[in-house]
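# Observations on the model geometry
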Amino acid sequence: MTSEPDVVVIGAGQSGLVAARTLLADGISPVVLEAGPEPAGSWPRYYDSLALFSPARYSGMPGLDFPGDPDHYPHRDEVVAYLRRYADTLGADIRTSTPVTAVEADGQAGFLVRTATGQRFHAAGVVAATGSFGHPYLPVLPGQGRFTGRLLHVADYRSPLQHVGERVIVVGGGNSAVQVGYELAQVATVTLATRHPVTFHPQCRDGRDLHYWLVTSGFDLLPPEWLRHYLGDRWVVDTGKYRHALEAGLMDRRPMFTGFDTGRVIWPDGTREQVDTVVFATGYRPDLDYLRPLGALDHEGMPLHSGGISATHPGLVYLGLEFQRSFSSNTLRGVHRDAEHVITPLAVHVRNAAAAVGL
């Protein structure tokens, strides 16, 4: 089956839903294609205990406030329910269980979008809004293939109940690594393996949540080119319990191990230690393999873009990339600003402005 919408939005998480809202407000009716069974993006697949680091008052998207106490920190399942409700308010054509397999150049319409269900869509514009959860980054270390314990990325981690009594190494020094390490430490013996000491940042300052300061100070809007001068290594947002857990010995932190040896890890001093599970909280890469046939990615699979606007193909834009245009680019509270930025030129392109000026 072939359809010809003006724009195809790929992904129905927060980025795709805000893209659809912004397009509809501009008079363009997109088709939104979501690989999963509901319009909630990757949120249903995160680990069971996940809670936002931002209070509800800073976790809503345009047109729908996040429900509940504005100062509570929403749980994963609350975010899923919120996104479902948000999708219901849009009146958009959202098609779930429809993974996109390829986007190709189409000389007539601009793009040909192919799906795993056999559908094809000819469109003048494409919004790539699939985020990164589907593409976890798992480093390869010496001897990794011989390791007889369990290796998993935090994307596949669900609950500490699966690791009771184990010796567990969590690799990474960011929010997810520390949060997962802390809850595992209640039932297992846990070490955080990091390349640098963990840097903590207080959840509250002067009686207000960190996100109050991010929003009111304008830090949320700082461009990625400047952020590295402020942020340095990633820091962990902490109420104090994570720092206390390390200082009290509930879990410990060691320099990153150098490799594996059967059921052991090899520490920098050469000692080998038996380990049951290694959890890599080592981040993600943009989940954009469907754009490879188009030639829109570099050799590492990263999009060639400027602020979310494709540098290779007019009519192709991105949403939900980390630090795409600002500190808050891939957050619930901030993605709408990027949507407004990329949808404005996309709408002009879809309406064929070039032809109107004789080009």
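Now for a quick tour of the structure. (Residues numbered from 1 in each chain as written. Predicted model: local features only at pLDDT ≥ 70, side-chain atom pairs only at ≥ 80, totals over all residues. Heavy atoms only, no water.)

Time to look at the sheet that holds strand 18 (residues 264-266). Strand order across the open sheet formed by three strands is 17-18-19, with antiparallel pairing between neighbours. Edge strands, defined here as strands with exactly one partner in the open sheet, are strand 17 (259-261) and strand 19 (272-274). Shown here is a sheet whose adjacent strand axes are inclined to one another by a mean of 35 degrees, direction ignored. As judged from the three bridges shared by strand 18 and strand 19, these two strands associate in the antiparallel manner. By the bridge assignment, valine 265 is partnered in strand 19 with glutamate 273. (Pairing = 2+ DSSP bridges. Helix = DSSP H or I, 4+ residues; strand = E, 2+ residues; numbered from the N terminus. Axes fitted to C-alpha atoms, helices over the stretch in contact; angles between N-to-C directions.)

Moving on, we come to the pairing of strand 8 (residues 125-128). Residues Gly125 and Val127 of strand 8 are buried on one face, and the alternating residues Val126 and Ala128, pointing to the opposite face, are buried as well. Across three bridges, the pairing between strand 8 and strand 23 (residues 316-318) is parallel. Each residue of the ladder has a partner; that of valine 126, found in strand 23, is leucine 316. (Buried < 20%, exposed > 50% of the residue type's maximum accessible area, 1.4 Å probe, protein only.)

This part is about the packing of aromatic side chains. Throughout the structure, instances matching the rule amount to 15 aromatic pairs. Seen from their ring centres, tryptophan 43 and tyrosine 46 are 5.2 Å apart, and the 70 degrees between their planes marks the pair as edge-to-face. By relative accessible area, which is 13% here, tryptophan 43 ends up buried. Note on phenylalanine 219 and phenylalanine 327: the rings are 5.2 Å apart at their centroids and 75 degrees apart in plane angle, and the pair reads as edge-to-face. Of this pair, phenylalanine 219 sits in the loop between helix 4 (210-217) and helix 5 (224-231) while phenylalanine 327 sits in the loop between strand 23 and helix 7 (335-350), placing them 108 residues apart in sequence. Per residue, the accessibility class of phenylalanine 219 equals that of phenylalanine 327, and both read buried. (Phe/Tyr/Trp six-rings, centres within 6.5 Å; stacked < 30°, edge-to-face > 60°.)

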